[in-house]
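Chains, contacts and geometry: an overview
Each chain, written out:
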Amino acid sequence: MRLFTKTFASGPETIETDPVRVWVDVCGVVNERHLLIQGWAFHPGHAAVDFELNLIESKEESRKSSKTELPFSLLRTTRMDVSKHFANEGEENRWGFSLLADWVHDRLPDHEQLTLEIKAGEDRYIVELKPFTTLNGEELFGHCTTWRSEEKVRLKRALQRHMGNKLFEIPGLRKLSEEQLRQSVNWHWENLLAVPGKGLFMSGWLLDGQQGLSSLVIRTTDGTYSENLLENSARYPRPDVLDAFPGRADASYRPGLYAWIEMPHLIERAQLEMVFITREGAVCELPVQQKIVGQDVGLASQQVLVNFEVGGSDYQGNMQQHIGPALAALWQHRRESLGEMEVEQLQFGPAVHKPWRSVIVPLYGRYDFLLHQLAQFTNDSDFSETELIYVLDDPRLYNEFIPFCHDTSMLFPVSFRVLYAGRNLGYAGANNLGARFATADKLVLLNSDVIPSESGWLSRIEEKAQSLTDIGVVAPKLVFDDGTIQHVGIDFAKNPRFGDVWLNEHPGKGNPEWLVEQPPVAESPAVTGACMFIDKALYESVRGLDETYVLGDFEDTDLCLKLRKAGYRHYVLGDEKLYHLERQSQDLFDNRDWKFKITLYNAWQHTERWGSLIEELVR
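Here is a short report on the structure shown in this document. (Residues numbered from 1 in each chain as written. Predicted model: local features only at pLDDT ≥ 70, side-chain atom pairs only at ≥ 80, totals over all residues. Heavy atoms only, no water.)

The next subject is the environment of threonine 484. Tracing the backbone through its elements, the reader meets threonine 484 in the loop between strand E24 (471–479) and strand E25 (485–487). Classification of threonine 484 as buried rests on a relative accessible area of 12%. Between the C-alpha atoms of threonine 484 and tryptophan 514, which are 30 residues apart in sequence, the distance is 8.5 Å. Here aspartate 482 takes part through its side chain, which lies 2.7 Å from a polar atom of the side chain of threonine 484. (Helix = DSSP H or I, 4+ residues; strand = E, 2+ residues; numbered from the N terminus. Buried < 20%, exposed > 50% of the residue type's maximum accessible area, 1.4 Å probe, protein only. Polar contact = N/O pair within 3.5 Å; in protein donor to acceptor, adjacent residues only side chain to side chain.)

Put into structure tokens, the structure is as follows:
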């Protein structure tokens, strides 16, 4: 091979016997839009030489030439053959170079119009380039045999930065069959949950103990690619996989993998391919079968959450990148796919004409609490001017519930109305539906398991609220049936096991009522939705309860914080008491099932939205 340099000084051009040696192996064009120049540059005194690529163009009108510097990506690589030839085999020597530049012109480049200058100290060297040829996939990596493994990956990353996912479509890339790839890499996908128009949630395991892969992407038939899942996925331990493949990876290797893959152009029944790219530049393309998520997203939510490790060092990042976006997409898809709802209304007893207030009670899971509430409301004169609305939020109960309402209305002379939308709306959706059909100017949101301690509670709370200023929401004290505190307002606190996520905290919860001093009126950052009083106009001004929370968590404090941001204040009346039959033994932090993980997701969403305001409130 011919080794040469040209040195330019202030005088005439001269040929020097300088120690720099340069050789160009490849001058190629990739996909007609990218230039790749590869070779090596040796200078024992300047290992970190600099490069400059210029385009020389002649201007006919002036008979002069213009020089335009072309931006490029530079990768310095190992060339052990060069090091050996020049007896300079230091560990840090990187004599090889790959220079990648975008080419915006329609014509192929003329190598005589391009100049590559190498700078070593104060000297500048002009390198003679070869004619440019079109490169196929094999030729891209043809001069990489002496490179380190990570250097090959860096070249592919540089190519992908310039070419995007067109990199995977370069003709001539070496193809591997599934059988060939499984000789060094193994995998199994347990879930491929597709949310049309939003993305794909993938979970399973990938065993690549020798790190032979550089990329793993999902490709659709229309040429849309995912991000590299090796770099954009959550990994977790799978001892069962390591046991099944002894010796394929060390004990610290984490085969478990899940990822939310944002693909807004994903269509139903789209054909998908899993594209594996090895560090050597070979490609294996395999079809994969997606599962379309329908309206019932409960099971899909469990599948998303099953491998989500709560409280680990990387759980917040996984929530931010994978779990949160996947759950949000699932439940948004459900809301969108349900379409317009038809609401059935049934009136039991004579309707109250021009009611003073509307009490809204969602029913889910069980309906017998209606009987207990009506028994308490019967002798309460406030209900003669109260519109009582029960929202059945559980289609499974409909056939039994309606006859039950007929029978109960014969026992107790309390008028009530039933709303049924034919579907599960969730806690927020059920209350919002009730508010939509409410005819009074004042609303009371009430849980079905809340029972008054004495009659007249509605009018007394409303009367006491009249003296308060900037009223947002007013709530009474709630106690369990054993006389211990359930609610005297809501504060916010962080649990060290869950990092920076704000959780709702009930001060005094579980303590005997007599032990907790509670003034007749106390301001609170937020109050519970189990029993809250609010003007309908104010409720509607902030669009009611937010329906993006999953399965009923944090909607009440979200409402309170929306109102707080608008300048309203929330109050707890310590001398008004109702009983709340909520389970007392549930420990949120010890229960790590998928429902707890849903709660943590809601807390994360709540914190993302209101973290700054909460910081101000707890100071």
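Next, the rest of the story.
The next thing to look at is the sheet that holds strand E1 (residues 21–30). Here five strands make up an open sheet; going across it, the order is E5-E6-E2-E1-E9 and the pairing mixed. Edge positions in the sheet fall to strand E5 (73–77) and strand E9 (133–134), since each has one partner strand and no second. Taken together, the seven bridges between strand E2 (residues 34–42) and strand E6 (residues 96–102) define a ladder with antiparallel strand orientation. Among the inter-strand pairings, glycine 39 is bridged to a residue of E6, identified as phenylalanine 97. Packing against the sheet, helix H3 (residues 149–163) makes contact with E1, E2, E5 and E6, and its axis sits at approximately 170 degrees to E5. (Pairing = 2+ DSSP bridges. Contact = heavy atoms within 4.5 Å. Axes fitted to C-alpha atoms, helices over the stretch in contact; angles between N-to-C directions.)

With phi around 50 degrees, aspartate 470 is a residue other than glycine that occupies positive phi space. Examined against the element boundaries, aspartate 470 turns out to sit in the loop between helix H11 (457–465) and E24. The phi dihedral of arginine 543 is positive, around 60 degrees, even though this residue is not glycine. The class for arginine 543 is exposed, based on a relative accessible area of 76%.

Okay, H3 next. For H3, spanning 15 residues, the distance from its first C-alpha to its last is 21 Å, which sits close to the expected 21 Å at 1.5 Å a residue. When we look at burial in H3, the residues that qualify are Glu151, Lys152, Val153, Leu155, Lys156, Ala158, Leu159, His162 and Met163. Immediately downstream of H3, the backbone of glycine 164 shows phi near 65 degrees, a positive value. (Expected span 1.5 Å × (residues − 1).)

Across the sheet, which stays open at both edges, the five strands sit in the order E13-E14-E11-E10-E17 with mixed pairing between neighbours. Where the open sheet ends on each side, the last strands, each with one partner, are strand E13 (234–236) and strand E17 (291–292). Pairing geometry for strand E11 (residues 199–207) and strand E14 (residues 256–262), over seven bridges, is antiparallel. When the bridges of E14 are listed, tryptophan 205 appears paired with glycine 256. Lying over the sheet, helix H6 (residues 298–305) contacts strand E10 (186–195), E11 and E17, oriented at roughly 140 degrees with respect to E10. Across the sheet, helix H7 (residues 315–338) touches E10, E11, E13 and E14, and the angle it forms with E14 is around 55 degrees.

Our next topic: the side chain of threonine 78. Tracing the backbone shows threonine 78 in the loop between E5 and helix H1 (80–85). We classify threonine 78 as buried; its relative accessible area is 7%. A distance of 2.8 Å separates a polar atom in the side chain of threonine 78 from a polar atom in the side chain of glutamate 151.

Next up on the list: the packing of H6 against helix H14 (residues 594–617). Contact geometry for H6 and H14: axes closest at 10 Å, N-to-C directions at 85 degrees. The angle between the axes of H6 and H14 places the two elements in the roughly perpendicular class. The segment H6 lies against H14, with Gly298, Ser301, Gln302 and Leu305 engaging Trp594, Lys597 and Ile598. Classifying every residue of the contact of H6 with H14 gives three nonpolar, three polar and one charged. (Parallel < 35°, antiparallel > 145°, perpendicular 65-115°, else oblique. Nonpolar A, V, L, I, M, F, W, Y, C, P; charged D, E, K, R; others polar.)

We describe a pair of aromatic rings using the distance from one ring centre to the other and the angle between the two ring planes. What the rule picks out here adds up to 19 aromatic pairs. For the ring pair phenylalanine 498 and phenylalanine 596, a centre distance of 5.7 Å and an interplane angle of 55 degrees mean the geometry is tilted. With phenylalanine 498 in the loop between strand E26 (491–494) and strand E27 (502–505) and phenylalanine 596 in helix H14, this residue pair connects regions lying 98 residues apart in the sequence. Since its relative accessible area comes to 1%, phenylalanine 498 is described here as buried. (Phe/Tyr/Trp six-rings, centres within 6.5 Å; stacked < 30°, edge-to-face > 60°.)

For the coordinates displayed, the defined rule picks out zero disulfides. Not part of a disulfide, cysteine 531 finds its nearest cysteine sulfur in cysteine 560, a span of 12 Å. Under the relative-accessibility criterion, cysteine 531 is labelled buried at 1%. Assessed through its relative accessible area of 0%, cysteine 560 is described here as buried. (Disulfide = S-S within 2.5 Å.)

The subject of this paragraph is the pairing of strand E12 (residues 213–220). Counting buried positions along E12 yields eight of eight residues, so the element is predominantly enclosed. For E12 and strand E15 (residues 272–278), the ladder comprises seven bridges, and the chain directions are antiparallel. Bridged to leucine 216 within E15 is phenylalanine 276.

So, on to the pairing of strand E30 (residues 569–580). Two elements, strand E23 (residues 450–452) and E30, share three bridges in a ladder whose sense is antiparallel. Bridge pairing in E30 links isoleucine 451 to tyrosine 579. Strand direction decides the pairing type here: E24 and E30, joined by seven bridges, are parallel. Paired with valine 474 across the bridge in E30 is tyrosine 571. Where strand E28 (residues 522–524) and E30 come together, three bridges link them in antiparallel fashion. Across the sheet, alanine 522 pairs through a bridge with valine 572, a residue of E30.

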